[in-house]
Amino acid sequence: MDEMEIIHKIRTFNRNYVRSIGLLEKTLLNTDYSLTESQILFIVNEKKRTTATEINKLLKLDEGYLSRIIKKLIARRMLTKEQSPSDKRCFEIKLTEKGVKEQQKLDEISSNSIRSIISHLNPSHQTELAILFDRVMVLLYGTDS
C-alpha cells in the first residue's frame, strides 16, 4: 500500500468515526458542553488538581481560548481556581462538587454512546476492537490506554 492509500484509509476512518460519535454537533452528545469543555472537565477530574499550563500541554489550545473556557466553567460553578500555596505565580484548578457530578454524567453519556456504537458486535469482536485501539495508541503515541 502506498502512502496516499494509507492516508486515504485513515482519513476515511476519521470522517466516519467523528460522525458516529457526534463530534460535529455543537455540543457533545446533546449535553450543555462542547467537546473542549468536556475534555477540560475530564482532565481536571483525572488530575484532581492541575493548572491551565498542564491542561494546555495535553490539549494544545490557544491560551486565550483556554482561558475563556476555564472562566466560563468557573462561572458555571464547575471549576474553582485558587492560587497555589507552594508557588504564588500559579493557580490550581479543580472540580467543584457540581463539576464532579457533571463530569460523571458526561462520562456515563460517553460510555453509553460507545456501548451503542459497538452493540452490534459480538463480545469477541468488541474485545478485538479494544485491542486494536490499544495497538493504534501504541503506534501513534507510544502509549496504550
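So, here is what we can say about the structure in this document.

Procedures and definitions
- Residues numbered from 1 in each chain as written.
- Predicted model: local features only at pLDDT ≥ 70, side-chain atom pairs only at ≥ 80, totals over all residues.
- Heavy atoms only, no water.
- Phe/Tyr/Trp six-rings, centres within 6.5 Å; stacked < 30°, edge-to-face > 60°.
- Helix = DSSP H or I, 4+ residues; strand = E, 2+ residues; numbered from the N terminus.
- Buried < 20%, exposed > 50% of the residue type's maximum accessible area, 1.4 Å probe, protein only.
- Lys NZ or Arg CZ within 6 Å of the ring centre and 35° of its normal.
- 1 Å grid on protein atoms, 1.4 Å probe; cavity = no way out; pocket = protein on both sides within 12 Å on 5 of 7 lines; lining within 4 Å.
- Points joined across faces, edges and corners; volume = space filled by probe spheres on them.
- Nonpolar A, V, L, I, M, F, W, Y, C, P; charged D, E, K, R; others polar.
- Core = buried A, V, L, I, M, F, W, Y, C linked by side-chain atoms within 4.5 Å.
- Expected span 1.5 Å × (residues − 1).
- Contact = heavy atoms within 4.5 Å.

Topic: the packing of aromatic side chains
Right, on to step 1. Enumeration over the complete set of coordinates arrives at two aromatic pairs.
Right, on to step 2. Relative to Tyr-17, the ring of Phe-13 lies with its centre 5.4 Å away and its plane at 15 degrees, an arrangement referred to as stacked. Placement of both Phe-13 and Tyr-17 in helix 1 (residues 3–20) is noted, with a separation of four residues, approximately one turn of the helix.
Right, on to step 3. Assessed through its relative accessible area of 29%, Tyr-17 is described here as partly exposed.
Right, on to step 4. Centre to centre, the rings of Tyr-17 and Phe-133 are 6.2 Å apart; their planes meet at 45 degrees, and the pair counts as tilted. With Tyr-17 in helix 1 and Phe-133 in helix 6 (residues 123–141), this residue pair connects regions lying 116 residues apart in the sequence.
Right, on to step 5. According to the relative accessible area criterion, Phe-133 is partly exposed, its value standing at 35%.
Right, on to step 6. An aromatic cluster is defined as three or more aromatic residues linked by ring pairs; in this entry it consists of Phe-13, Tyr-17 and Phe-133.
Right, on to step 7. Just above the ring of Phe-91 sits the side chain of Lys-81; from NZ or CZ to the centre is 5.4 Å.

Observations concerning the layout of surface pockets
Right, on to step 1. As a volume, the largest pocket reaches approximately 1,900 Å³.
Right, on to step 2. Taken together, 39 residues form the lining of the largest pocket, with Tyr-17, Ile-21, Ile-114, Phe-133 and Met-137 sitting closest to its centre.
Right, on to step 3. Ranked by residue count, the leading element in the lining of the largest pocket is helix 6, at 11 residues.
Right, on to step 4. Its residues assigned to classes, the lining of the largest pocket comprises 25 nonpolar, eight polar and six charged.

What about the nonpolar core?
Right, on to step 1. With 15 residues, the main nonpolar core has Ile-40, Leu-41, Val-44, Ile-55, Leu-73 and Leu-79 as its most contacted residues.
Right, on to step 2. Where this core is concerned, the elements lending two or more residues are helix 2 (35–47), helix 4 (63–75) and strand 2 (91–95).

Notes on helix 2
Right, on to step 1. Over its 13 residues, helix 2 extends 18 Å from the first C-alpha to the last, a length consistent with the 18 Å expected when each residue adds 1.5 Å.
Right, on to step 2. As for helix 2, its buried residues are in contact with helix 3 (52–59), helix 4, strand 1 (79–83), strand 2 and helix 5 (97–118).
Right, on to step 3. A positive backbone phi angle near 70 degrees is found at Lys-48, which sits one or two residues after helix 2.

Overview of the environment of Asp-32
Right, on to step 1. Its place among the elements puts Asp-32 in the loop between helix 1 and helix 2.
Right, on to step 2. On the accessibility criterion, Asp-32 (58% relative accessible area) is exposed.
Right, on to step 3. For Asp-32 and Gly-142, which are 110 residues apart along the polypeptide, the C-alpha to C-alpha distance reads 33 Å.
Right, on to step 4. Residue contacts for Asp-32: discarding those within four places in its chain leaves Thr-27, Glu-37 and Arg-76.

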